[in-house]
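Read off the chains here:
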Amino acid sequence: MLTTLHTTYTDTRAGDLAWCLGREPLPALAVLDVEIGDGQGLRAQVELRLLGASHQVIVDAGRDGCSETVACLPGSQAPLPFGVARRLGGFDYEFAARIETLSEGSFAGRAQELLALVADHPQGLAGTFPGDPHAFTALLVQCVDGGVRWRTWHAYPQEGRLVATRTRVSVLP
């Protein structure tokens, strides 16, 4: 699903992104509820949330839940890490992030490619911000090997930077 986010573009620098686990749902500009399963017993409700300041993903796999927020959070002391691995209740949680710096032409092409990937995907949510068609946040979720995996992209065209994250939560037996 592709939507236009009716708000000002508030997180205008890749370096301002922060990461947080366990935060309660924040006000969202767009939400996509997805039910996924692996055909072998794993079922999960996943809520993809676009915030005015980036994204939040909330997973409910029955007995346990997980909430990840990557956004510009006022007063946050947790910068975006390049890698995290933790046990969260009934989950193993893994997170990785990378920042790409692209030329203007490469950035525009990559932005179009990513928006096309997510726009019509039944388990994807993307939002563009007013003022620049290449300013967007996009999320894509899937069920893989006994767990839930999602990828996100946060575009900063004024910097020529693209922040990509990859998360996997595996349900412990």
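Model, not experiment: these values are computed from the prediction.

Calculation criteria
- Along each chain, numbering runs from 1 in the same order as the chain's sequence is written.
- Local features in this predicted model are restricted to residues of pLDDT 70 or higher, and side-chain atom pairs are both shown and tallied only at a pLDDT of 80 or more, whereas totals for entire chains, interfaces and linings draw on every residue.
- Note: side-chain values were computed over all heavy atoms of the structure, leaving out hydrogens and water.
- Any two strands are treated as partners once DSSP identifies two or more bridges connecting them.
- Under the scheme used here, helices are H or I runs from DSSP no shorter than 4 residues and strands are E runs no shorter than 2 residues, and both carry numbers assigned from the N terminus.
- Every angle, taken between N-to-C directions, lies between 0 and 180 degrees, and every axis is a line fitted to C-alpha atoms, over only the stretch in contact when it is a helix.
- Each residue after the first adds 1.5 Å to the expected span of a helix.
- The classification of residues rests on relative accessible area computed with a 1.4 Å probe and restricted to protein chains. Under 20% of the type maximum is buried, over 50% is exposed, and intermediate values are partly exposed.
- The arc in question is the one spanned by the directions pointing from the helix axis to the C-beta atoms.
- Two residues qualify as a contact provided that any one of their heavy atoms is within 4.5 Å of a heavy atom in the partner residue.
- Salt-bridge detection follows one rule: a side-chain nitrogen of Lys or Arg within 4 Å of a carboxyl oxygen of Asp or Glu.

Novice: How would you explain the sheet that holds strand 4 (residues 43–51) if you had to name every residue and give the values?
Specialist: Read from one edge to the other, the open sheet built from five strands follows the order 2-6-5-4-3, with strand pairing classed as antiparallel. Looking at the sheet topology across the chains shown, the edges are occupied by strand 2 (18–21) and strand 3 (30–37). Within this sheet the neighbouring strands show an average axis-to-axis angle of 15°, counted without direction. Where strand 3 meets strand 4, eight bridges bridge the pair, whose relative direction is antiparallel. When the sheet's bridge partners are listed, Glu35 is paired in strand 4 with Gln45.

Novice: Can you explain the pairing of strand 4? Please cite residues and give values.
Specialist: By the bridge criterion, seven bridges tie strand 4 to strand 5 (residues 54–60) in an arrangement that is antiparallel. Paired with Glu47 across the strands is Ile58, a residue of strand 5. Adjacent in sequence and paired antiparallel, strand 4 and strand 5 are bridged by two residues.

Novice: Now, about helix 1 (residues 104–119): what can you tell me, with residues and values included?
Specialist: For helix 1, spanning 16 residues, the distance from its first C-alpha to its last is 22 Å, which sits close to the expected 22 Å at 1.5 Å a residue. Phe107, Ala111, Leu114, Leu115, Val118 and Ala119 are the residues of helix 1 that are buried. Along the axis of helix 1, the buried positions cluster into a sector of 125°, meaning they face one direction only. Opposite the buried face of helix 1, by more than 90 degrees, sit the exposed residues Gly105, Gln112 and Ala116. Contacts made by the buried residues of helix 1 are with strand 1 (2–4), strand 9 (124–128), strand 10 (136–144), strand 11 (147–156) and strand 12 (161–171).

Novice: Requested: an account of the pattern of salt bridges, with residues and values cited.
Specialist: Under the definition given, this model contains five salt bridges. Residue Arg110 pairs with Glu113 through a salt bridge whose shortest N-O separation is 2.3 Å. Here Arg110 and its partner Glu113 are both found in helix 1, three residues apart, which amounts to about one turn of the helix. With relative accessibility at 21%, the residue Arg110 sits in the partly exposed group. Residue Glu113 is classed as partly exposed on the basis of its relative accessible area, which comes to 47%.

Geometry only, nothing functional implied.
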